[in-house]
There are 2 protein chains.
Amino acid sequence: MTVFAPPVNRLITELSRLPGIGQRTAQRLAFHILRQPKDEALALADAIREVKETVGLCEVCFNLAVGPRCRICEDERREAGMICVVEEPSDVIPIERTNEYHGRYHVLGGALSPIDGVDPEDLRIGELVGRVAAGATREVVMATNATTTGEATALFIADALRERAPDVAVTRLASGLPVGADLEYADEMTLGRALRGRREL
Amino acid sequence: MTVFAPPVNRLITELSRLPGIGQRTAQRLAFHILRQPKDEALALADAIREVKETVGLCEVCFNLAVGPRCRICEDERREAGMICVVEEPSDVIPIERTNEYHGRYHVLGGALSPIDGVDPEDLRIGELVGRVAAGATREVVMATNATTTGEATALFIADALRERAPDVAVTRLASGLPVGADLEYADEMTLGRALRGRREL
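Residues numbered from 1 in each chain as written. Chains lettered and ligands numbered in written order. Predicted model: local features only at pLDDT ≥ 70, side-chain atom pairs only at ≥ 80, totals over all residues. Heavy atoms only, no water.

Draft legend 1. Fine view of the relation of the copies chain B and chain A. When chain B is fitted onto chain A, the two copies agree to an RMSD of 0.0 Å after a turn of 180° and an axial shift of 0.0 Å. Such a combination of turn and shift is consistent with a two-fold rotation axis. No C-alpha of chain B approaches the rotation axis more nearly than that of Ala45(B), which lies at 2.1 Å. The overlap is high: 100% of the interface residues of chain B also sit at the interface in chain A, so the same surface is used on both sides. (Least-squares fit on C-alpha atoms with pLDDT ≥ 70 in both. Contact = heavy atoms within 4.5 Å.)

Here's what the structure looks like:
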């Protein structure tokens, strides 16, 4: 499009690289940024820059961290004997929101997917096994996604842990009906899991 | 949320200020930016900064411009006697895309809306009337939106032009059925306009 000035084009291109942002939305956002007062628009630019310059990964659990360790690893009140294994840093948030978990985390950085070229050495599995084998861990909760790749990753890690740290309990999040769900709308996979995992009332 | 590091929180806040971006989407975009290679994320930050530092408004028509005049005002091949009046710089694009218009533009910077405190002196109406009264203009096409405020703005400007430049034709975009539309789904306002604006075949 020759109607846009090159800097406007560049902004639209960069915005359209964000996930879920198509060409039209990118254009709409760009025009919004153009209309905004300069300091408001620059606040967004600065927030992006700041996040990339200050936020790294925790040296213990690979969660997001400002400095060498994340807030959870630095929090002495958290249970040191529990490690919850998740795929991505963003997965820590829903678990924290439950207020049901008070242990530590381990962020893998993805899930095993040989078809996409994600092999065990691409994830922080060695680091997890090392952490657990070093002792002090009582239980490892596998909280990878309930998808094929998440399940495969959980099974793979459970095997590795059973071999290297046989005394540590390895558990998996329960699968079943989402709270508030109608039976009528449940898919057969979920309902099957809910049946197999039924508990005494 | 205390789980997020402050820079992450700031980025989420800034992203959620964009139109149509809620808290959840802002969070998803922020985590995407965190995962991106540093240079890709900074390319977005730089594009925002560049746009705010280099893109201003054309001194003639108030369209977006790098430098004092926009590309359209600088293009000698464009018809100087035609001015198409639009509300926002983003409205220039759909008109250019039609390839039907080869004149100049005038960007008002909004539409009259006394209820929101937008009065004639808040828009670039004086500048338009001045431009037209200076001569050389043959026709002014009112291309404000087909909304109440857009219509009111078109009528107000038509009146002002008739007074100050009575020899200049003031026209309005046709209203009617969108191309490809089913009669069944047309609202009565649109269909009424299409009837009133019927043309001989």
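Still more ground to cover, so stick around.
Draft legend 2. Main features of the sheet that holds strand E3 (residues 82–86) of chain A. All names here are of chain A. Pairing is parallel across the open sheet formed by 4 strands, whose spatial order is E4-E3-E5-E6. The sheet is open, and its two borders are formed by strand E4 (104–107) and strand E6 (169–172), each paired with just one other strand. Along the sheet, successive strands turn relative to each other by an average axial angle of 25°, direction set aside. For E3 and E4, the ladder comprises 4 bridges, and the chain directions are parallel. Residue pairing for E4: cysteine 84 is matched across the bridge by tyrosine 105. Contacting E3, E4 and strand E5 (139–142), helix H6 (residues 125–133) crosses the sheet at an angle of about 150° to E4. The sheet strands contacting helix H7 (residues 148–164) are E3, E5 and E6, and the helix crosses E6 at an angle near 170°. (Pairing = 2+ DSSP bridges. Helix = DSSP H or I, 4+ residues; strand = E, 2+ residues; numbered from the N terminus. Axes fitted to C-alpha atoms, helices over the stretch in contact; angles between N-to-C directions.)

Draft legend 3. How the structure looks around the packing of helix H6 (residues 125–133) of chain B against helix H7 (residues 148–164) of chain B. Residues and elements named next belong to chain B. Following both chains from N to C, one finds H6 and H7 inclined at 35°, their axes separated by 10 Å at the closest point. The chirality of how H6 crosses H7 is right-handed. Facing H6, whose interface residues are Ile125, Leu128, Val129, Val132 and Ala133, H7 presents Phe156, Ile157, Ala160, Leu161 and Arg164. For the contact of H6 with H7, the class distribution of residues is 9 nonpolar, no polar and 1 charged. (Left-handed = near helix turned anticlockwise from the far one by under 90°. Nonpolar A, V, L, I, M, F, W, Y, C, P; charged D, E, K, R; others polar.)

Draft legend 4. Inspection of the pattern of salt bridges at higher detail. Tallied over the entire structure, the rule returns 22 salt bridges over all chains. A salt bridge links Arg77(A) to Asp75(A), with the shortest nitrogen-to-oxygen separation between them at 3.1 Å. Among the residues examined, Arg77(A) registers a relative accessible area of 74% and is labelled exposed. Note on Asp75(A): relative accessible area 18%, which makes it buried. Here Glu53(B) and Arg49(B) are joined by a salt bridge, their closest N and O atoms 3.6 Å apart. In this pair, Glu53(B) and Arg49(B) are both assigned in helix H3 (residues 38–54), 4 residues apart and thus about one turn of the helix distant. Note on Glu53(B): relative accessible area 48%, which makes it partly exposed. With relative accessibility at 27%, the residue Arg49(B) sits in the partly exposed group. By sharing partners, the salt bridges in this structure join Asp46(A), Arg49(B) and Glu53(B) into a single network. (Salt bridge = Lys/Arg side-chain N within 4 Å of Asp/Glu carboxyl O. Buried < 20%, exposed > 50% of the residue type's maximum accessible area, 1.4 Å probe, protein only.)

Draft legend 5. The domain arrangement of chain A, seen in detail. Examined at the domain level, chain A breaks down into domain 1 (6–54) and domain 2 (57–172). Put simply, the middle of domain 1 of chain A and the middle of domain 2 of chain A, counted by C-alpha atoms, are 34 Å apart. (Domains from an automatic or database assignment.)

Draft legend 6. Spatial organisation of the pairing of E6(A). All names here are of chain A. Two elements, E5 and E6, share 4 bridges in a ladder whose sense is parallel. In the strand pairing of E6, glutamate 139 is matched with alanine 169. Traced from E5 through H7 to E6, the parallel crossover comes out right-handed. (Right-handed = clockwise from strand over helix to strand, strands pointing away.)

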